[in-house]
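Coordinate inspection notes
If you want the building blocks of each chain, they are given just below.
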Amino acid sequence: MQNEAIDTEEKEIESSKSSYGFLEKISFSLVFILPLLVPLFFMSTNVLPFQFAKMLVFSIVIAVAFVCWILSRLKDGTFIFPANLITLGAALVLLVSTISAFFSGSIGWSLAGQSFELGTVASLAVLFLLFLLVSIYLRKKENIFYAYSLFLGSFLVIAVFELLRLIFGPSFLSFGVFNDVITSTLGKWNDLGIFFGTASVLALITLELISLSKIFRVFAYIVLTSSLFFLAVINLNVVWYILAVFSLSFLVYVISFEKKEGGSILADTSEKTSKVKRIPNASLVVLIISLVFIGDSLLTRVDPATGVSHTFISEKISNFFNISQFEVRPSWAATYSVSKSALAVNPLLGSGPNKFSKDWASFKPDGINSSIFWNTDFDYAVGLVPTMMISTGILGSISWLLFFGVFLYWGFRALFSTSSNKISRYLSVSSFLVSLFLWIINIFYVPGLSIVALTFFFTGLFVSSLYQSGLMKPKVLSFTEDPKKGFISVLLLIILLVCTITFSYALLEKTIATLNYQKSIVAFNSQGDLDKAEVYLQKAASVDGLALYYRTLAQIDIARMSTLLSQDVSAVSTDVLQTKFQGYLTNALNNAQQAIKIDPSDYQNIITLGKVYETVVPLKIAGAYENAQAAYKQALVLNPKNPSINLFLAQLEVVHANNKGAKDYIAEALKQKNNYTEAIFLLAQIQVSEGDIKNAITSVQAASYLSPSDSGLLFQLGFLRYNVKDYAGAATALEQAIAINSNYANAQYFLGLSYYHLDKVPEAIAQFKALKITNPDNKEIDLILKNLSAGKDPFANATPPIDSKPEKRSTLPVTEKAPADEAAN
């Protein structure tokens, strides 16, 4: 009776449509095509970031579909909408996030970010509209089946594409975008694993819940088998854990509640009907495979020589396919630590959407500075949902919990429904479990747009399935006959239309600004053209006034001032230099201050202002030193555990000829990070400049005896010995530093030079060849290798900024790089 009532209501609404049926078809088609479009779409360009290109197209599709839906409603005066607690819970999440954004202190960043990043209000609004439109349009059984078919179609295309690239190498079908094997149309390598995990869940449910004809059963097994193969290659632990729980649950569920029944529309009519309980073989196999890979990840062995962890199965698979990838995000412990401190400051509404990096900077846990992630500002916590809960405070967390509570309630109702219609039950259970799988992923991981969009799409399908199965009833509202309802409804629709158009305009602005920003980066990095980079940045800032754009403009002005200060004054008129310098300084100050005005909570904006003032401290300009110091100290308040800010203060004191103050700040930086190479390097330079190298060597040597495993101390000892031309002593200390930290780039650099001075040229070449692997773009290493191989002095034919006295420079010659782990603790 419920289904008949729903069908009658839908027929009435269909019959009421006239000339605007075309718009309705456009809206429906755009929503319907998304499970195929979102996973497969990509754009090949170096001026539009991959994920933003996806978000751009995705947002345009949703905006057009929603506008068509609004216009159709204005025409026919009738609504069918999913008035249920799941939709209400999702709307509440969006509402609280919006309110939080307006109290964040950085409204623009929380609402839209740089390019509608996941976690912004704009991205959440687009995803909510996707969920809403899917639940409105795909209420019929055949539509849900067709949506599944499109998803599986994208699965087949991606599976074949990835298989061919595994076989023929990353250059095959690269399209100029997928330059290595771990890139795909979905984005991240782990997103690909989640995608195949989603397909495996859908295939497993299909095999276990409905009777299939032979061709459909074979197809389902192909999907499941190929998914498991790619999951073994990608080996994302969280997917294996969820699959293990799901397959175990299916074992219990099918054995306890299910009987194998024929008679469905997909059943082979020749199959004999049986009432005998069966063993769900597919679930059993998936459970065993999942447990094998979970056990493989748990039973790791650690190489005592290198400290690197090795697995028994997954590592062999990765080596066979030449796959090497890592991804970094905070652990659960780090997430809890940051959230506890952040919510103590902003309990109700949090710091605001898209501002987790600010919380991380202010409250990152102790111990992070001892890892290689000490200077990383994480934009997300351990998972996407925890990030949004932290950023929107207690109210945001409550809204998410209410949404999940209602979602699970209706999901379990669908699971244990006694409906006699097996197809309806299959659609409800399958859409619920697939969306549940994806929501768990969003809690334990930070996927890209493709996966998050599929999460909201399948959640919308689940709501649709509840309507077609009769568990829920859609609300039907006609406002053509009631003036009051008509006025309110039309007003609401017009407001929604205006909001959508405004959103589309903002999207256009973001696109133009992002294109210009990316062009400025290309102009600077590839062409070294500051003028061109500045023009593009000014265009970006004029369209979308982000602090990032003004901060970058200030950095360009700083670079110009530094170049001007190093220029030969005899070649240029003093008046011309002063005019140029004054112009650069004024622009730099204005841009830095504008960045701070836009987002005063971002410590990087304040550091940039400090750098502007520090640049002119040598010129004895009144107030420059004091302003620079004040800016750095203000940045230290926002990021109190970042040792680099104390190093900036130390460098400022050196410029101000206050070595004692510089040493105090260096000591503070080393207290925060005892292996901070840049701080050690500056301290050694101060000691050399003071002519106290002998005592410095003695004190550092004594300290190294007390801490024999401190590679930083050994580097400092080697560097000091190199300064006094004790190359044998320098080599010994640097060798010990490298034995402790095999990736210590600057220790390798000075060890190579020490070997050269000891007439060990082959050993020197070996060190610089090793450096070349980890620093392939370093031109100085290329020059040294070329000279050493030709039997010349390492710095023969060197041109500025390269010189023959690297130990006298203000910065280290090589950028330190190290392999990353999976998560920061």
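Before reading further, recall that the structure is shown in the block above.
The rules behind the values
Residues numbered from 1 in each chain as written. Predicted model: local features only at pLDDT ≥ 70, side-chain atom pairs only at ≥ 80, totals over all residues. Heavy atoms only, no water. Helix = DSSP H or I, 4+ residues; strand = E, 2+ residues; numbered from the N terminus. Rg over C-alpha atoms; globule rule 2.2 N^0.38 Å. Buried < 20%, exposed > 50% of the residue type's maximum accessible area, 1.4 Å probe, protein only. Contact = heavy atoms within 4.5 Å. Areas by Shrake-Rupley, 256 points an atom, 1.4 Å probe, with all protein chains shown as cover. Lys, Arg positive; Asp, Glu negative; His and termini not counted. Charge placed at Lys NZ, Arg CZ, Asp CG, Glu CD. 1 Å grid on protein atoms, 1.4 Å probe; cavity = no way out; pocket = protein on both sides within 12 Å on 5 of 7 lines; lining within 4 Å. Points joined across faces, edges and corners; volume = space filled by probe spheres on them. Nonpolar A, V, L, I, M, F, W, Y, C, P; charged D, E, K, R; others polar. Axes fitted to C-alpha atoms, helices over the stretch in contact; angles between N-to-C directions. Parallel < 35°, antiparallel > 145°, perpendicular 65-115°, else oblique. Core = buried A, V, L, I, M, F, W, Y, C linked by side-chain atoms within 4.5 Å. Salt bridge = Lys/Arg side-chain N within 4 Å of Asp/Glu carboxyl O. Phe/Tyr/Trp six-rings, centres within 6.5 Å; stacked < 30°, edge-to-face > 60°. Left-handed = near helix turned anticlockwise from the far one by under 90°. Patch = residues over 30% accessible without salt bridge, like charges linked within 9 Å, V, L, I, M, F, W, Y side chains within 5 Å. Expected span 1.5 Å × (residues − 1). Polar contact = N/O pair within 3.5 Å; in protein donor to acceptor, adjacent residues only side chain to side chain. Arc of directions from axis to C-beta.

Broken down by element type, the protein chain carries 34 helices and six strands. In summary, the protein chain has a C-alpha radius of gyration of 31 Å against a globular reference of 28 Å for 825 residues, a match within 12%. C-alpha extents for the protein chain along the principal axes are approximately 95 × 60 × 45 Å. Going through the 825 residues of the protein chain one by one, you find that 54% of them count as buried. Long-range contacts, defined as pairs at least 24 residues apart, comprise 72% of the intrachain contacts of the protein chain with a sequence gap of at least 6. Summed over all atoms, the accessible surface of the protein chain reaches about 36300 Å², with 62% contributed by carbon and sulfur. Separation of charge centres in the protein chain, based on 62 positive and 60 negative side chains, amounts to 6 Å.

Turning our eyes to something else, we now look at empty space enclosed by the protein. Evaluation of the coordinates by the stated rule reveals seven cavities of 30 Å³ or more. Volume-wise, the largest cavity comes out at about 70 Å³. Ser97, Leu118, Gly119, Pro353, Asn354, Asp379, Tyr380, Thr387, Met388, Ser391 and Thr392 are the residues that line the largest cavity. For the lining of the largest cavity, the element with the highest residue contribution is helix H16 (residues 384-391), accounting for three residues. In the lining of the largest cavity, the residues fall into four nonpolar, six polar and one charged.

The next point concerns the packing of H16 against helix H17 (residues 393-415). Running from amino to carboxyl end, H16 crosses H17 at an angle of 140°, the nearest separation of the two axes being 6 Å. Considering the angle they form, H16 stands oblique to H17. Here Val385, Met388, Met389, Ile390 and Ser391 of H16 lie close against H17, whose contacting residues are Gly393, Ser397, Trp400, Leu401 and Phe404. Taken together, the residues that form the contact of H16 with H17 break down as seven nonpolar, three polar and no charged.

Moving on to the nonpolar core. Judged by nonpolar contacts, the single largest core of 143 residues is most densely connected at Phe58, Ile86 and Phe196. At 14 residues, helix H7 (residues 121-137) tops the list of elements feeding residues into this core. Filtering out sequence-adjacent residues up to four positions away, Phe58 remains in contact with Leu34, Val38, Val126, Leu127, Leu130, Leu449 and Ala453.

If you walk through the whole model with that rule in mind, you get 12 salt bridges. Across the pair Asp599 and Lys358 runs a salt bridge, and its minimum N-O distance is 3.6 Å. Of this pair, Asp599 sits in the loop between helix H23 (574-598) and helix H24 (603-615) while Lys358 sits in helix H15 (residues 356-363); the two residues are 241 residues apart in sequence, bridging distant segments of the chain. On the basis of relative accessible area, Asp599 is assigned to the buried category, the value being 5%. Linking Asp544 and Lys510 is a salt bridge whose minimum nitrogen-to-oxygen distance equals 2.8 Å.

This part covers the packing of aromatic side chains. Taken as a whole and assessed by the stated rule, the structure comprises 54 aromatic pairs. Between the aromatic rings of Phe407 and Phe432, the centroid separation amounts to 5.2 Å while the plane-to-plane angle is 45°, which identifies the pairing as tilted. Here the residue Phe407 occupies a position in helix H17, and Phe432 occupies one in helix H18 (residues 422-444), the gap between them amounting to 25 residues. A relative accessible area of 0% places Phe407 in the buried class. For the ring pair Phe457 and Phe458, a centre distance of 6.1 Å and an interplane angle of 80° mean the geometry is edge-to-face. This pair shows no difference in class: Phe457 is buried, exactly as Phe458 is.

To continue, consider the packing of H7 against helix H19 (residues 449-468). At a minimum axis distance of 7 Å, the contact between H7 and H19 shows a crossing angle of 30°. On the basis of the axis angle, H7 is roughly parallel to H19. Between H7 and H19 lies a crossing of right-handed hand. Here Leu124, Leu127, Phe128, Leu130, Phe131, Val134 and Ser135 of H7 lie close against H19, whose contacting residues are Val452, Ala453, Phe456, Phe457, Thr459, Gly460, Leu461, Val463 and Ser464.

Okay, a nonpolar patch on the surface next. On the surface, Leu92, Leu95, Ile99, Phe102, Phe103, Ile107, Leu348, Ile394, Leu395, Ile398 and Leu402 cluster together into a nonpolar patch covering about 990 Å² of accessible area. Listing elements by their share of the nonpolar patch, those giving two or more residues are helix H5 (85-102) and H17. Note that Leu92 resides in helix H5.

Turning our attention to the environment of Val134. Within the secondary structure, Val134 sits in helix H7. A residue is classified by how much of its surface remains accessible, and Val134, at 0% relative accessible area, is buried. Discounting chain neighbours no more than four positions away, the residues touching Val134 are Val31, Phe457, Gly460, Leu461 and Ser464.

Let us now look at helix H10 (residues 214-234). Two residues of an α-helix separated by three or four positions point the same way, owing to the 3.6 residues in each turn. Helix length check: H10, at 21 residues, gives a terminal C-alpha distance of 30 Å against a target of 30 Å (1.5 Å per residue), a fit within 8%. For H10, the complete set of buried residues consists of Ala220, Val223, Leu224, Ser226, Ser227, Leu228, Phe230, Leu231, Ala232, Val233 and Ile234. Residue Asn235 follows H10 closely and has a positive phi angle near 55°.

Of note, Glu534 is situated in helix H21 (residues 530-543). A polar contact is formed between the side chain of Glu534 and the side chain of Arg560, at a distance of 2.7 Å. In this structure Glu534 touches Leu553, Ile556, Asp557 and Arg560, once residues within four positions along its chain are discounted.

Counted at 1.5 Å a residue, the expected span for H21 with its 14 residues is 20 Å, and the 20 Å between its end C-alpha atoms agrees. Ala533, Glu534, Tyr536, Leu537, Ala540 and Ala541 are the residues of H21 that are buried. Along the axis of H21, the buried positions cluster into a sector of 165°, meaning they face one direction only. Structural note: H21 exposes Asp531 and Ser542 on the side pointing more than 90 degrees away from its buried face. In this structure, the buried side of H21 is in contact with helix H20 (483-527) and helix H22 (547-565). Measuring from the backbone nitrogen of Asp531 back to the side-chain oxygen at the start of H21 gives 3.2 Å, which picks out Asp529 as the cap.

The values are spatial; any link to function lies outside them.
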